[in-house]
Amino acid sequence: DDNTQSCKVVLLGESGVGKTCIINRFINDTFEEGGISTTGASYADKMITFPEYKKSLKFEIWDTAGQEKYRALTKIFYKDASIAILVYDITRKQSFDELKDYWYSQVAESAPKKISKYNL
């Protein structure tokens, strides 16, 4: 459809910071505490229609695993993303330090230069 655009979004951050919870809230408007860690990556999408512009935007959302053993795999998800959302847990300073020390530089090096980066 000519009136629909796609936007690839990837959530990045350490394991257990709430990436999956954020996605579930956005997609289903639900919250489930104490979920299972994502293995590899998972995909969800959501279409938002803007009737005043006669356009729709399809968010293609990738939830990546935060464990260190999956870090090489996550690069393939953000190399062609439009938006990277960097997520940390405000109760775990180490998760914020990892954003600064690892994730931010990885996105800067490997993602498209025009990517939008948001810290949550």
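The model shown is predicted, which means the values in this text are computed figures rather than measured ones.

### So, the overall build of the chain
No. 1: Within the chain, the secondary structure is distributed over three helices and five strands.
No. 2: Secondary structure of the chain in N-to-C order comes out as β-α-β-β-α-β-α-β.
No. 3: Expressed as a percentage of its 120 residues, the buried residues of the chain come to 35%.
No. 4: In the chain, of all internal contacts separated by at least 6 residues, the share reaching a separation of at least 24 is 68%.
No. 5: Surface accessibility of the chain: about 7,500 Å² in total, with carbon and sulfur atoms responsible for 51%.

### Brief notes about the packing of aromatic side chains
No. 1: Considering all chains together, one arrives at four aromatic pairs under this definition.
No. 2: Aromatic pair Y88 and F96: ring centres 4.8 Å apart, planes at 65 degrees, arrangement edge-to-face.
No. 3: Among the residues examined, Y88 registers a relative accessible area of 24% and is labelled partly exposed.
No. 4: For F96, a relative accessible area of 33% corresponds to the partly exposed category.
No. 5: Here the aromatic rings of Y102 and W103 are separated by 4.9 Å at their centres, their planes lie at 85 degrees, and the arrangement is edge-to-face. Here the two residues Y102 and W103 agree in accessibility, since each one is buried.
No. 6: Above the face of the F26 ring, K46 is positioned so that its terminal group lies 4.8 Å from the ring centre.

### Topic: the environment of I83
No. 1: Topologically, I83 is positioned in strand β4 (residues 83-86).
No. 2: Counting along the chain gives 74 residues from I83 to V9, while the straight-line C-alpha distance between them is 4.7 Å.

### Considerations on the pairing of strand β3 (residues 55-64)
Successive residues of a regular strand alternate their side chains across the two faces of the sheet.
No. 1: In this structure, strand β1 (residues 4-12) lies alongside β3, joined through eight bridges in parallel fashion. Directly across from S6, in β3, lies its bridge partner K58.
No. 2: Counting the residues in the hairpin turn of strand β2 (residues 41-50) and β3 gives four residues, including K54, whose phi is positive at 55 degrees.

### A look at unusual backbone geometry
No. 1: One non-glycine residue with positive phi stands out, namely D29, at about 55 degrees.
No. 2: Position of D29 relative to the elements: it lies in the loop between α1 (19-28) and β2.
No. 3: Looking at D29, the relative accessible area reads 57%, which means it is exposed.

### Concerning the pattern of salt bridges
Note that side chains of opposite charge can pair when their charged atoms are close.
No. 1: Evaluated as defined, the whole model comprises five salt bridges.
No. 2: Residues D29 and R25 are paired through a salt bridge, measuring 3.6 Å at the closest nitrogen-oxygen approach.
No. 3: For R25, a relative accessible area of 43% puts it in the partly exposed group.
No. 4: Here R92 ties to D89 by a salt bridge, and the two come within 3.9 Å at their closest N and O atoms.
No. 5: Here R92 falls in the partly exposed class, since its relative accessible area comes to 32%.
No. 6: Relative accessible area serves as the criterion here: at 19%, D89 is assigned to the buried category.

What counts, and at which threshold
Residues numbered from 1 in each chain as written. Predicted model: local features only at pLDDT ≥ 70, side-chain atom pairs only at ≥ 80, totals over all residues. Heavy atoms only, no water. Helix = DSSP H or I, 4+ residues; strand = E, 2+ residues; numbered from the N terminus. Buried < 20%, exposed > 50% of the residue type's maximum accessible area, 1.4 Å probe, protein only. Contact = heavy atoms within 4.5 Å. Areas by Shrake-Rupley, 256 points an atom, 1.4 Å probe, with all protein chains shown as cover. Phe/Tyr/Trp six-rings, centres within 6.5 Å; stacked < 30°, edge-to-face > 60°. Lys NZ or Arg CZ within 6 Å of the ring centre and 35° of its normal. Pairing = 2+ DSSP bridges. Salt bridge = Lys/Arg side-chain N within 4 Å of Asp/Glu carboxyl O.

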